[in-house]
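Residue-level listing of the chains:
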Amino acid sequence: MQVKSRHHLRSDAVSALEDTLEAQLGVSPEGDAYERVEFEDTDWEVVLIDGEPQVAYFDEEPFLTVRGANAYDPDKRLVTVDAGAVSFVSDGADVMRPGITEATDDISPDDLVVIAEESHGKVLAVGRARVDGTEMAGDEGKVVDSLHHVGDDLYEFTG
């Protein structure tokens, strides 16, 4: 991914970003340098925190990247999948009900969510919920659209 521009965030933008992530995910990122990066060939916009791509904008909404979620361990908007779903989710597949073992009840349709595997809690992907968290687990149906996953261009980007 070719970088188009990068600039440091002002302190008020950093505060707004931190407040949003605290409200969404219950995490408080801490860093000395926050840089926003835009790319030539993609709509991704990323915020580097101390040089690490830990926040991305999905439809103008800031949210943790897979790397950011693994660094800060969110406890809100969390969908957990079983071992059978790991390879599919890691490859960018949307999340289906049968693979879900649990989901936090703070999830509403269209919310950005973090998708983690159940055995070690490692985050595999970020997606957009189609249903409430209380309706995630079940026998059939797609419930989360994958937006970013382990191994994609955003995951592989290094500041």
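A quick note: this is a predicted structure, and the numbers were derived from the prediction, not measured. All residue numbers here refer to positions counted from 1 along the written sequence of the relevant chain. Selection of residues for local features in this predicted model requires a pLDDT of at least 70, selection of side-chain atom pairs for listing and counting requires 80 or more, and totals for whole chains, interfaces and linings are taken over all residues. Only hydrogens and water are removed before side-chain values are computed, so all heavy atoms of the structure are retained for them.

Regarding the overall build of the chain
Argument step 1. Strands here mean DSSP runs of E at least two residues long; helices mean DSSP runs of H or I at least four residues long; both are numbered from the N terminus. Across its full length, the chain carries four helices and 11 strands.
Argument step 2. By principal-axis analysis of the C-alpha atoms, the chain measures approximately 45 × 30 × 25 Å.
Argument step 3. Looking at the chain residue by residue over its 159 residues, the buried ones come to 45%.
Argument step 4. Residue contacts follow a heavy-atom distance rule, with two residues in contact if any of their heavy atoms lie within 4.5 Å. Across the chain, contacts joining residues at least 24 apart in sequence account for 59% of those joining residues at least 6 apart.
Argument step 5. Accessibility throughout is a Shrake-Rupley quantity obtained with a 1.4 Å probe, and a residue counts as covered only by protein chains that appear here. If you sum the accessible surface of the chain, you get close to 7,900 Å²; carbon and sulfur atoms cover 42% of it.
Argument step 6. In this tally Asp and Glu are treated as negative and Lys and Arg as positive; neither His nor the chain ends contributes. To locate a charge, the coordinates of NZ of Lys, CZ of Arg, CG of Asp or CD of Glu are taken. Counting 12 positive and 37 negative side-chain charges, the chain places the averaged centre of each group 3 Å from the other. Exposure categories follow from relative accessible area, calculated using a 1.4 Å probe and restricted to protein chains: below 20% of the type maximum is buried, above 50% is exposed, and the middle band is partly exposed.

Points about the side chain of R128
Argument step 1. Mapped onto the fold, R128 is located in strand β10 (residues 123–129).
Argument step 2. Look at R128 and you get buried, because its relative accessible area is 15%.
Argument step 3. N or O atoms closer than or at 3.5 Å make up a polar contact, with two conditions inside protein: a donor-capable atom paired with an acceptor-capable one, and, for residues adjacent in sequence, both atoms drawn from side chains. For R128, the side chain forms a polar contact with the side chain of D59, separated by 3.3 Å.
Argument step 4. If sequence neighbours within four positions are ignored, R128 has contacts with F58, D59, E61, D110, D111, L112, V143, V144, D145 and L147.

Observations regarding a negative patch on the surface
Argument step 1. A cluster of acidic residues, D19, E22, D73, D75, D105 and D106, forms a negative patch at the surface.
Argument step 2. Here D106 lies in the loop between β8 (100–103) and β9 (112–117).
Argument step 3. The partly exposed category is assigned to D106, whose relative accessible area is 31%. A patch consists of residues whose relative accessible area exceeds 30% and which take part in no salt bridge; residues with like charges are grouped when within 9 Å of each other, and nonpolar side chains (Val, Leu, Ile, Met, Phe, Trp, Tyr) when within 5 Å. Here, a salt bridge means any side-chain nitrogen of Lys or Arg that lies within 4 Å of a carboxyl oxygen of Asp or Glu.

Digging into the layout of surface pockets
Argument step 1. The pocket and cavity definitions rest on a 1 Å grid over protein atoms only: a 1.4 Å probe that fits but cannot leave marks a cavity, an open set with protein on both sides within 12 Å along at least five of seven lines marks a pocket, and residues lining either have an atom within 4 Å of a point. Grid points are joined across faces, edges and corners, and a volume is the space filled by probe spheres set on the points. Looking at the largest pocket, its volume works out to about 200 Å³.
Argument step 2. The nonpolar class holds Ala, Val, Leu, Ile, Met, Phe, Trp, Tyr, Cys and Pro. Asp, Glu, Lys and Arg form the charged class, and all remaining residues, Gly among them, are polar. Taken together, the residues of the lining of the largest pocket break down into four nonpolar, no polar and five charged.

What about the domain arrangement of the chain?
Argument step 1. The split into domains, and so the bounds of each, comes from an automatic or database assignment of domains. For the chain, the assigned domains are domain 1 (3–70) and domain 2 (72–149).
Argument step 2. A C-alpha centroid distance of 21 Å is found between domain 1 and domain 2.
Argument step 3. Residue-level contacts link 22 residues of domain 1 with 19 residues of domain 2.
Argument step 4. Summed over both partners, the accessible area lost on bringing two parts together, with a 1.4 Å probe, is the buried area. Looking at the side of domain 1 facing domain 2, the largest losses of area belong to F63, V66 and N70, adding up to 30% of the total buried there.

A few points about the pattern of salt bridges
Argument step 1. Tallied over the full model, the rule gives nine salt bridges.
Argument step 2. Notably, a salt bridge pairs D12 with R10, separated by 3.0 Å at the nearest N-O pair.
Argument step 3. For R10, a relative accessible area of 61% translates into the label exposed.
Argument step 4. Two residues, E61 and R77, come together in a salt bridge whose shortest N-O distance is 3.8 Å. With E61 in strand β5 (residues 61–64) and R77 in the loop between α2 (66–72) and β6 (78–81), this residue pair connects regions lying 16 residues apart in the sequence.
Argument step 5. For R77, a relative accessible area of 13% corresponds to the buried category.
Argument step 6. Linked by salt bridges that have partners in common, D59, E61, R77, D111 and R128 make up one network.

Description of the sheet that holds β9
Argument step 1. Should DSSP find at least two bridges between two strands, the strands are taken to pair. The six strands are arranged β7-β11-β10-β9-β6-β8 in an open sheet whose pairing can be described as mixed. Looking at strand neighbours, the two that pair on one side only are β7 (95–96) and β8, the edges of this open sheet.
Argument step 2. Pairing of β7 with strand β11 (residues 142–149) involves two bridges; the strand directions are antiparallel. Looking across to β11, one finds that V95 is bridged to V144.
Argument step 3. In the packing of helix α3 (residues 83–90) onto the sheet, contacts are made with β6, β7, β9, β10 and β11, and the angle to β10 comes to roughly 75 degrees. Axis definition: a line fitted to C-alpha atoms, over the contacting stretch in the case of helices. Angles run 0 to 180 degrees between N-to-C directions.

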